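# Survey of secondary and tertiary structure
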Amino acid sequence: MKRIIKKVAVLGSGVMGSRIACHFANIGVQVLLLDIVPKELLPAEEKKGLTLESKAVRNRNADSHLQAAINANPSPLYRKADARLIKTGNFEDDMPGIATADWTIEVVVENLKIKKLVYDQVEKHRKPGTLISSNTSGIPIHMMLDGRSEDFRKHFCGTHFFNPPRYLKLLEIIPTPETDKEVVDFLMHYGDLYLGKTTVLAKDTPAFIANRVGIYGIMQTLAAMEKTGLTIDEVDRITGPIVGRPKSATFRTLDVVGLDTTVNVANGLYQAGESDESRDLFQIPGYVQKMVENKWLGDKTGQGFYKKTKDAKGKTEILTLDLNTMEYGPKQKVKFQSLEALKPIDDLKKRIKVFSQQKDKAAQFFNETLFGLFQYVSNRIPEISDELYRIDDALRAGFGWELGPFEYWDAIGAREGVQRMVENGYKPAAWVEEMLESGKESFYVVENGQRRYYDIQSKEYKAIPGAENFIILNNLRGDKTVWKNTGATLTDIGDGILNVEFHTKMNTIGGDVIAGLNKGIEIAEKEFRGMVVANDGANFSAGANIGLVYMYALEQEYDEINFMIKQFQDTMMRMRYSAIPVVGAPHGLSLGGGCELNLHCDHVQAAAETYMGLVEFGVGLIPGGGGTKELTMRAADMYADGDIEYNDLKNVFLTIGMAKVSTSAKEAIDLGYMRKSDGITINSNRLIADAKAQAILLADAGYTRPVQRTNIKVQGKGALGMFLTGANAMYTGRYISEHDKKISEKLAYVMCGGDLSAPTEVSEQYLLDLEREAFLSLTAERKTLERIQSILTTGKPLRN
């Protein structure tokens, strides 16, 4: 059966329901969002003369929850306009509407009795053959089938989204024995391709996979903390980014999620865990129980493990809970010798191995958490999953870990990990020792560029299903490396396509990266059909190396700055006018020079979560790598029938002048950083493969080297006068500083083509020369250097 999802019904509009609805709207699917009918009027409704029969009252829950989601920050929507795809209603009046839905998702309160009442109504209106699923996080899926029809049972499944659905990639698919295989296969594929999820097939066991292991990890962390005598500040320093975990680490995460939520899941696992060897660990510690009694639940109640207050001067201060006294005090600076040793190590896996081998209290704590985790996950196979890679996928996608449990184990070394576990009183499952005895030394291997996992049943390495659709550059380095320097690597990614990858800090663009781009074009023009610029880092690129500009400016080496900017501009133009198609694949931060690079690609295939912008204004500069030229040219191309359209130019001016950064790839199109013809990949795991496919498409279509533009219409003095007047008015009104005014004037001068008496057609090189001249002059300004210094030292812009 060929399924097409055109419309989804979401039953329950709370935090999860409204945000699931928003994520379907993100991908263009119509949504019917329903909730219960209120039983009482609000005072504001009474004042308006509304009754319980008024539509605004009856739909209040769905309407208010959706509006709260739309207003939330970070937004659950790629762009707010997509909310138009969501229609709200209530269970009593609008349930018949689910008859037109291809998929109905139940997201009501975690109460089996209430869920069954909702399913009674669903049975009356749902079209046979359509999908029906529950977003439950803990109720056994099979228990929801009691009293349901055969068609309902065949098409029913657990679909556990993680909050927030837009940003957390995990979608657990939990079938029952009666779920059709076709339904399971479809949901696994649809979640991956269209919703951008890491879809993980889970068994119908308590808390499924991610929460089962994740909550164990939290409880083991609490136990290890008590054993080693560490503080909250120390644990959050150890369990954060330095070991590949989110910035929120352990206790900040608990505050964000809500301590009551974690306690409920832990209690559920204790009650359902008669056969779990670690059951006692899920008992709630006394201090956590006291916090729940005190309503110290985290952000939702204003205090948890941390508390935000203001000091005597009115400055915000974060206090930390002392678990011994149960009183809050100032955050303490954390320093361990082992953590200092990790700072120079960029490679996470190497960092984990070195940390695990240290001897201080921080390392003892870390090892205690890891060894317990290794024992637990090895014992959960085959209970919660038959394949170990699913557990790793679930923890990476659901909890934001950079490595899954078995990947951490491989980082230490599977054999070494077992030896040290046993020394510390832990024991792995028998299958791990069998694997090592057979001569297999790791849980994963890479063969022919593809990652394979150890399959416990066959006792062999097997390909991870679906991995053939992904290009993982880390798996290709070595045999497929064509050229490299300290800042960039050129990799043959197959089918005649060359990839240029950056690996500087934050993938900033400096001399080595520029050399890599030029070398890539040189080699690709001779030996390949096309080129992709992509990487596997957390971000595409945070921009040009502004530290180098700062150093040269301090020493007044303006010739060096001029050379550097000219080299950047020339590289961008060489990319634009090469003999082969160049495709950019941005994701995460794509700022400044990273944005300019993509502006000069033949096609941009962006991850949905791409945050793109020309942010140079914030450091007292204008975009100098072709960004000002490119957006000016795009504005000129918007002019209709040769008319002067100052509004288009003004919008671009404000985009640059306000350093606007898109909150998604869709918004990057709205801001003009991407063209409507550019592509968006919802699942970032597929990004490089999609970019490669676009490069092949352009090559197969008979790509022809473009001709440099000489017909860019600039507006001259007419538009320049408008911008200068506006900048002066903003300065006079004290909305901008004197330096902001100066930068605005420089930007306007470039975008209007200089001091031309009338609208004139100019070349790209003409605009590039103006752009470079303006950039160079601003580097000589003291206030620009102050702004750059502020960014380099504090990470925050200075408004001087």
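Look up: the structure comes first, before these words.
Let us look at the structure shown here.

## Quick look at the overall build of the protein
When you go through the protein residue by residue, the secondary structure sums to 33 helices and 25 strands. For the protein, the C-alpha radius of gyration of 29 Å lies close to 28 Å, the compact-globule estimate for 800 residues. Along the three orthogonal principal directions, the C-alpha set of the protein runs to about 85 × 70 × 65 Å. Across the 800 residues that make up the protein, the buried fraction comes to 54%. In the protein, of all internal contacts separated by at least 6 residues, the share reaching a separation of at least 24 is 69%. As displayed, the protein has an accessible area near 34,600 Å², and 51% of this comes from carbon and sulfur atoms. Each charge class in the protein can be summarised by its mean position, and for the 98 positive and 104 negative side chains these summaries are 3 Å apart.

## Focus on the environment of F282
With respect to the helices and strands, F282 occurs in the loop between α12 (259-271) and α13 (286-293). Beyond its immediate stretch of four places on either side in the chain, F282 contacts R212, I215, Y216, M219, A266, L269, Y270, D276 and Y376.

## Quick look at the sheet that holds strand β1 (residues 7-11)
Strand order in the open sheet formed by eight strands is β3-β2-β1-β4-β5-β6-β7-β8, and the pairing between neighbours is mixed. The sheet is open, and its two borders are formed by β3 (86-90) and β8 (198-201), each paired with just one other strand. Neighbour-to-neighbour, the strand axes of this sheet turn through a mean angle of 25°, independent of strand direction. Taken together, the four bridges between β1 and strand β4 (residues 103-106) define a ladder with parallel strand orientation. When the bridges of β4 are listed, V10 appears paired with I105. The strands that helix α17 (residues 388-399) touches are β7 (170-175) and β8; relative to β8, the one it contacts most, it runs at about 140°.

## Focus: the pattern of salt bridges
Side chains that carry opposite charge are capable of pairing whenever their charged atoms lie near each other. Applying the stated criterion to the full structure yields 58 salt bridges. Its salt-bridge partner being D455, residue K462 comes within 3.7 Å of it at the nearest N-O pair. We classify K462 as partly exposed; its relative accessible area is 37%. As a salt-bridge pair, E501 and R477 come within 2.4 Å of each other at their nearest N and O atoms. Residue E501 is located in strand β17 (residues 497-502), and its partner R477 is located in the loop between α21 (473-476) and β15 (481-484); the two are separated by 24 residues in the primary sequence. Judged by relative accessible area, E501 falls into the buried class, the value being 3%. It is possible to trace a salt-bridge network through shared partners that takes in R212, D276, E277, R380 and E383.

## Quick look at the packing of aromatic side chains
Under the criterion given, the structure shown has 28 aromatic pairs. Put simply, the rings of F371, F374, F406, W409, W431, F443, Y454 and Y461 touch in pairs and so form one group of aromatic residues. Over the ring of Y444 we find R451, and its NZ or CZ is 3.8 Å from the ring centre.

## As for the layout of surface pockets
The space that makes up the second largest pocket amounts to roughly 1,000 Å³. In terms of lining residues, the second largest pocket is bounded by 44 residues, among which A542, G543, A544, I546 and I791 are the most central. Counting only elements with at least two residues in the lining of the second largest pocket, the list comes to α22 (511-527), α23 (546-554), α24 (558-576), β20 (588-591), α25 (593-599) and α33 (782-794). With six residues, the top contributor of residues to the lining of the second largest pocket is α24. For the lining of the second largest pocket, the per-class residue count stands at 25 nonpolar, 14 polar and five charged.

## Here's the deal with the pairing of strand β14 (residues 460-463)
Pairing geometry for strand β13 (residues 450-455) and β14, over four bridges, is antiparallel. Following the sheet pairing, D455 is matched in β14 by E460. If you look at the hairpin formed by β13 and β14, you'll find four residues sitting between the two strands, and K459 has a positive phi there, around 60°.

## Comments concerning the nonpolar core
Ranked by size, the top nonpolar core spans 112 residues in total, and within it F305, F406, W431 and F443 carry the most contacts. A total of 10 residues in this core trace back to one element, the largest contributor, which is helix α16 (residues 361-379). The residues contacting F305, other than those within four sequence positions of it, are I232, F251, L254, D255, L259, Y287, M291, L319, T320, L321, L323 and Y328. By size, the runner-up hydrophobic cluster in this structure holds 72 residues, among which are M633, A636, I656 and I743.

## Side note on the environment of D455
Tracing the chain through its elements places D455 in strand β13. D455 gets classed as buried once you look at its relative accessible area, which sits at 4%. Residues within four places of D455 in sequence aside, it is in contact with E460 and K462.

## Things to note about the packing of α23 against α33
Packing of α23 against α33 leaves a shortest axis separation of 10 Å and a crossing angle of 140°. Between α23 and α33, the crossing angle belongs to the class labelled oblique. Both α23 and α33 take part in a crossing whose hand is left-handed. Listed contacts from α33 to I546, G547, Y550, A553 and L554 of α23 are L785, I788, Q789 and L792.

## Topic: α23
Every buried residue belonging to α23 is among V549, Y550, Y552 and A553, and all of these are buried. Packing partners of the buried residues in α23 comprise α24, α32 (764-779) and α33. Between the side-chain oxygen at the start of α23 and the backbone nitrogen of G547 there is a gap of 3.2 Å, and the oxygen is on N545. Once α23 finishes, Q556 follows within two positions and takes phi at roughly 55°, a positive value.

## Observations concerning a negative patch on the surface
Taken together, the side chains of E555, E557, D559 and E560 define an acidic patch exposed on the protein surface. The topology assignment puts D559 in helix α24. With a relative accessible area of 68%, D559 lands in the exposed category.

Here is what the cut-offs are and how they apply
Residues numbered from 1 in each chain as written. Predicted model: local features only at pLDDT ≥ 70, side-chain atom pairs only at ≥ 80, totals over all residues. Heavy atoms only, no water. Helix = DSSP H or I, 4+ residues; strand = E, 2+ residues; numbered from the N terminus. Rg over C-alpha atoms; globule rule 2.2 N^0.38 Å. Buried < 20%, exposed > 50% of the residue type's maximum accessible area, 1.4 Å probe, protein only. Contact = heavy atoms within 4.5 Å. Areas by Shrake-Rupley, 256 points an atom, 1.4 Å probe, with all protein chains shown as cover. Lys, Arg positive; Asp, Glu negative; His and termini not counted. Charge placed at Lys NZ, Arg CZ, Asp CG, Glu CD. Pairing = 2+ DSSP bridges. Axes fitted to C-alpha atoms, helices over the stretch in contact; angles between N-to-C directions. Salt bridge = Lys/Arg side-chain N within 4 Å of Asp/Glu carboxyl O. Phe/Tyr/Trp six-rings, centres within 6.5 Å; stacked < 30°, edge-to-face > 60°. Lys NZ or Arg CZ within 6 Å of the ring centre and 35° of its normal. 1 Å grid on protein atoms, 1.4 Å probe; cavity = no way out; pocket = protein on both sides within 12 Å on 5 of 7 lines; lining within 4 Å. Points joined across faces, edges and corners; volume = space filled by probe spheres on them. Nonpolar A, V, L, I, M, F, W, Y, C, P; charged D, E, K, R; others polar. Core = buried A, V, L, I, M, F, W, Y, C linked by side-chain atoms within 4.5 Å. Parallel < 35°, antiparallel > 145°, perpendicular 65-115°, else oblique. Left-handed = near helix turned anticlockwise from the far one by under 90°. Polar contact = N/O pair within 3.5 Å; in protein donor to acceptor, adjacent residues only side chain to side chain. Patch = residues over 30% accessible without salt bridge, like charges linked within 9 Å, V, L, I, M, F, W, Y side chains within 5 Å.

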